[in-house]
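Summary of the model geometry
Below are the chains, spelled out letter by letter.
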Amino acid sequence: MKLKPTIYLITIFAYSLGLTRLHAQQHHMSASYQAPTDPAVKQKIAEWQDLKFGLFMHWGPYSQWGVVESWSICPEDEGWTERRGPHSETYEGYKKAYENLQTTFNPVKFNPEKWVAAAKNAGMKYMVFTTKHHDGFSMFDTKQTDYKITDGKTPFSSNPRANITKEIFNAFQKEDFMVGAYFSKADWHNTDYWWPYFPPKDRNVNYDPAKYPERWNKFKDFTFNQIEELMTGYGKVDILWLDGGWVRPRNTIDTAIDWQRGIKFEQDIDMGKIAAMGRKHQPGLIMVDRTVTGPFENYTTPEQEVPDQPLSNPWETCMTMGNSWSYVPDDKYKSSAEIISLLIKVVSRGGNLLMNIGPGPDGDWDPAVYERLNGVGDWMKINGEGIYNSVSVAPYSKGNVYLTKNKDKPVIYAFLSGEDETLQWPSSVDIPLGNIKLVKQVRLLGSSQKLNWKKEGDGIRVMIPQGLSKSVLTSAACFKVTY
Ligand code: GLC
């Protein structure tokens, strides 16, 4: 697709209208958890739980239109699937134009080292990237399809860094990030998932796999082979983050969940075989078969929400920094203070925060993103000590005071957290301490000033001294309580 610059701008503008609302096709948490038994997996989950803060990226040719990732080619009548722009009149015409975005995708500013530097400075410790979203476009050099970044039809294929997934994984591995491959089990480009003989009706496979087992087996092999490529040619991969929860064995459907009731057919892709292969190449691989409760959902993934209690299993909130998973021009990004407050909340409940950024069509992030990450980094340098290697501790929070506890030492961290930069510092802060009776020392991270405190109710009351430096008195601060 080639548009004149003015038409292009108008199109982008029109597309972004109405996209500020978050689409509601969200996955929610699984009902019950089955802990893995493989010691290497248990070990890796424990390590991952200490990292707390990760980077998520949704990226593909769709970023050129600034539209929702994949969903606009899904023939469901929902707000988030709505087609916009010049090709939207007919479904077929739109899908063709959408798939044709492959032929103009050329993110020449792509420079993953710049992203790692910003993420690392912000205190992020792991990264999950969309190697393939539901639309089926592979952001890696797969041999299974030519609908991919390295195919000759994609202009970026002639770039020395064309195998985008490999470049991103390498860059983050080098800086000791844990690395996760987001991979959509559903593939709306693959003719063994959406068989062109029938029109697609919704997000699901468009024929009955029980009736056409050969076709389904081809799809299973394709999926297996693609994942095998990712598990063998891309260095150390720690997490296989599998989306498209409707691709699942029928007996795992939870009819209490709206979107799962729409799944008509058995869509078993043999996760056992995929996991065994994955772990052969990547010992301890964490499998995240989202929402499919069972042995392959090693942690749960509440989406765009923070559970209001600690969960009894390992978990991660995935959330957008802007309003969309994919890049939208002039998206409104959360402030540094909002991100910090989210992180505190999540960590005090024992979870990890996976914060999403959508790279733009030129191959870089919106400048606002760097600014936000910088702010988070400044705060983390002082207060990160209370975030990493911590566990949740009762009573978890009281008012706007949130607790974490160091895994190994007798230390509790109490965060006073505002939702924005305008936190009004009180003259004293009450820190609930549950069963801890003997407090030895209380400090404010980032300050050497001595604090006065006394026992009060079920914890302590700390007086805030006058004249604390502005770098400590931000939207959130952390008291270190040694007992
Ligand atoms: C939602 C969106 C999907 C996105 C995912 C990330 O399920 O539908 O497009 O990849 O969130 O968690």
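Criteria and thresholds
- One numbering rule holds for all chains: residues counted from 1, following each sequence as written.
- This being a predicted model, a pLDDT of at least 70 is required before a residue's local features are given, and a value of 80 or more before pairs of side-chain atoms are given or counted; all residues contribute to the totals for chains, interfaces and linings.
- Where side-chain values are given, they derive from all heavy atoms of the structure, hydrogens and water being excluded.
- A helix here means a DSSP run of H or I that spans at least four residues, while a strand means a run of E at least two residues long, and both kinds are numbered starting from the N terminus.
- To get the radius of gyration, use the C-alpha atoms; to get the globule rule, take the number of residues to the power 0.38 and multiply by 2.2 Å.
- The rule is simple: take the accessible area with a 1.4 Å probe, protein chains only, and divide by the maximum for that residue type; under 20% is buried, over 50% is exposed, in between is partly exposed.
- Note on contacts: a residue pair is in contact if any heavy atoms of the two residues lie within 4.5 Å.
- All accessible-area figures derive from a Shrake-Rupley calculation using a 1.4 Å probe, and residue coverage is judged against the displayed protein chains alone.
- Under the counting rule used here, the positive set is Lys and Arg, the negative set is Asp and Glu, and His together with the chain ends is not counted.
- In plain terms, the charge of a residue is placed at NZ if it is Lys, CZ if Arg, CG if Asp and CD if Glu.
- Only centres within 6.5 Å qualify two rings of Phe, Tyr or Trp (six-membered ring in Trp) as a pair; their planes then separate them into stacked at under 30 degrees, edge-to-face at over 60, and tilted for everything else.
- In this analysis the charged atom, NZ for Lys or CZ for Arg, is taken to sit over a ring once it is within 6 Å of the ring centre and within 35 degrees of the ring normal.
- One requirement defines pairing of two strands: DSSP has to find at least two bridges between them.
- Axes here mean lines fitted to C-alpha atoms, for a helix over just the part in contact, with angles spanning 0 to 180 degrees between N-to-C directions.
- Domain delimitation in this document rests on an assignment produced automatically or drawn from a domain database.
- Accessible-area loss on putting two parts together, using a 1.4 Å probe and summing over both, is the definition of buried area adopted here.
- Between Lys or Arg on one side and Asp or Glu on the other, a salt bridge is scored when a side-chain nitrogen of the former is within 4 Å of a carboxyl oxygen of the latter.
- By the criterion applied in these results, polar contacts are pairs of N or O atoms within 3.5 Å in which, for protein atoms, one can donate a hydrogen and the other can accept it, and in which residues neighboring in sequence qualify only through two side-chain atoms.
- In the scheme used here, Gly and all other residues not listed as nonpolar or charged are polar, with Ala, Val, Leu, Ile, Met, Phe, Trp, Tyr, Cys and Pro taken as nonpolar and Asp, Glu, Lys and Arg as charged.

Points about the overall build of the protein chain
Helices and strands together make up the secondary structure of the protein chain, namely 10 helices and 16 strands. The C-alpha radius of gyration computed for the protein chain amounts to 23 Å, which stays within 12% of the reference 23 Å derived for 483 residues, consistent with globular compactness. Taking the principal axes of its C-alpha atoms as reference, the protein chain extends roughly 75 × 55 × 40 Å. In the protein chain, which comprises 483 residues, the share counted as buried stands at 58%. Restricting to contacts in the protein chain with at least 6 residues of sequence separation, those with at least 24 account for 72%. Working note: accessible area of the protein chain is about 19,800 Å², and carbon and sulfur atoms make up 51% of it. Between the averaged position of the 56 positive side-chain charges in the protein chain and that of its 56 negative side-chain charges there is a distance of 5 Å.

Thoughts on the packing of aromatic side chains
Within a pair of aromatic rings, the relevant descriptors are the distance that separates the centres and the angle that separates the planes. In the structure shown here, the tally under the stated rule is 36 aromatic pairs. Each ring, one from Trp48 and one from Tyr299, has its centre 3.8 Å from the other, and the planes form 10°; the classification is stacked. Of this pair, Trp48 sits in helix α2 (residues 39-51) while Tyr299 sits in the loop between β5 (286-289) and β6 (316-320), placing them 251 residues apart in sequence. For Trp48, a relative accessible area of 0% gives the class buried. Centroid distance Trp188 to Trp246: 6.2 Å. Interplanar angle 20°. Geometry classified as stacked. You can see Trp188 sitting in the loop between β3 (178-184) and α6 (213-232) and its partner Trp246 sitting in the loop between β4 (239-243) and α7 (258-261), a full 58 residues away along the chain. By relative accessible area, which is 0% here, Trp246 ends up buried. Chaining the aromatic ring pairs together yields one cluster made of Trp59, Phe105, Phe110, Trp115, Phe156, Trp365 and Tyr370. In this structure, Arg83 packs its charged tip against the face of Tyr94, placed 5.9 Å from the ring centre. For the cation-ring pair, Lys166 lies above Tyr234, with the distance from its terminal atom to the ring centre recorded as 5.6 Å.

What to know about the sheet that holds β6
The 7 strands lie next to each other as β5-β4-β3-β2-β1-β7-β6, forming an open sheet whose pairing is parallel. The sheet is open, and its two edges are formed by β5 and β6, each paired on a single side. On average, each strand axis in the sheet is inclined to that of its neighbour by 20°, with strand direction left out of account. In this structure, β6 lies alongside strand β7 (residues 352-357), joined through 5 bridges in parallel fashion. Looking across to β7, one finds that Glu316 is bridged to Asn352. Each of β1 (53-57), β2 (126-132) and β3 touches helix α5 (residues 164-174); the most contacted strand, β2, lies at about 170° to it.

Digging into the environment of Phe183
Checked against the element boundaries, Phe183 lands in strand β3. Since its relative accessible area comes to 0%, Phe183 is described here as buried. Setting aside anything within four residues of it in sequence, one finds Phe183 in contact with Thr131, Lys132, Thr223, Gln226, Ile227, Leu230, Leu240, Trp241, Leu242 and Asp243.

Some remarks on the domain arrangement of the protein chain
Domains assigned within the protein chain are domain 1 (5-386) and domain 2 (393-482). Distance between the C-alpha centres of domain 1 and domain 2: 37 Å. Between domain 1 and domain 2, the residue contacts involve 17 residues of the former and 22 residues of the latter. Counting each side, the surface lost to burial between domain 1 and domain 2 is near 1,600 Å², with a carbon and sulfur contribution of 56%. In this assembly, domain 1 and domain 2 are joined by 2 salt bridges. At the surface where domain 1 touches domain 2, the tally comes to 5 residue pairs in polar contact (both at pLDDT 80 or more). Of all elements in the fold, only α9 (336-348) and α10 (367-383) reach the threshold of two or more residues within the side of domain 1 that touches domain 2. Partitioning the side of domain 1 that touches domain 2 into residue classes produces 7 nonpolar, 5 polar and 5 charged.

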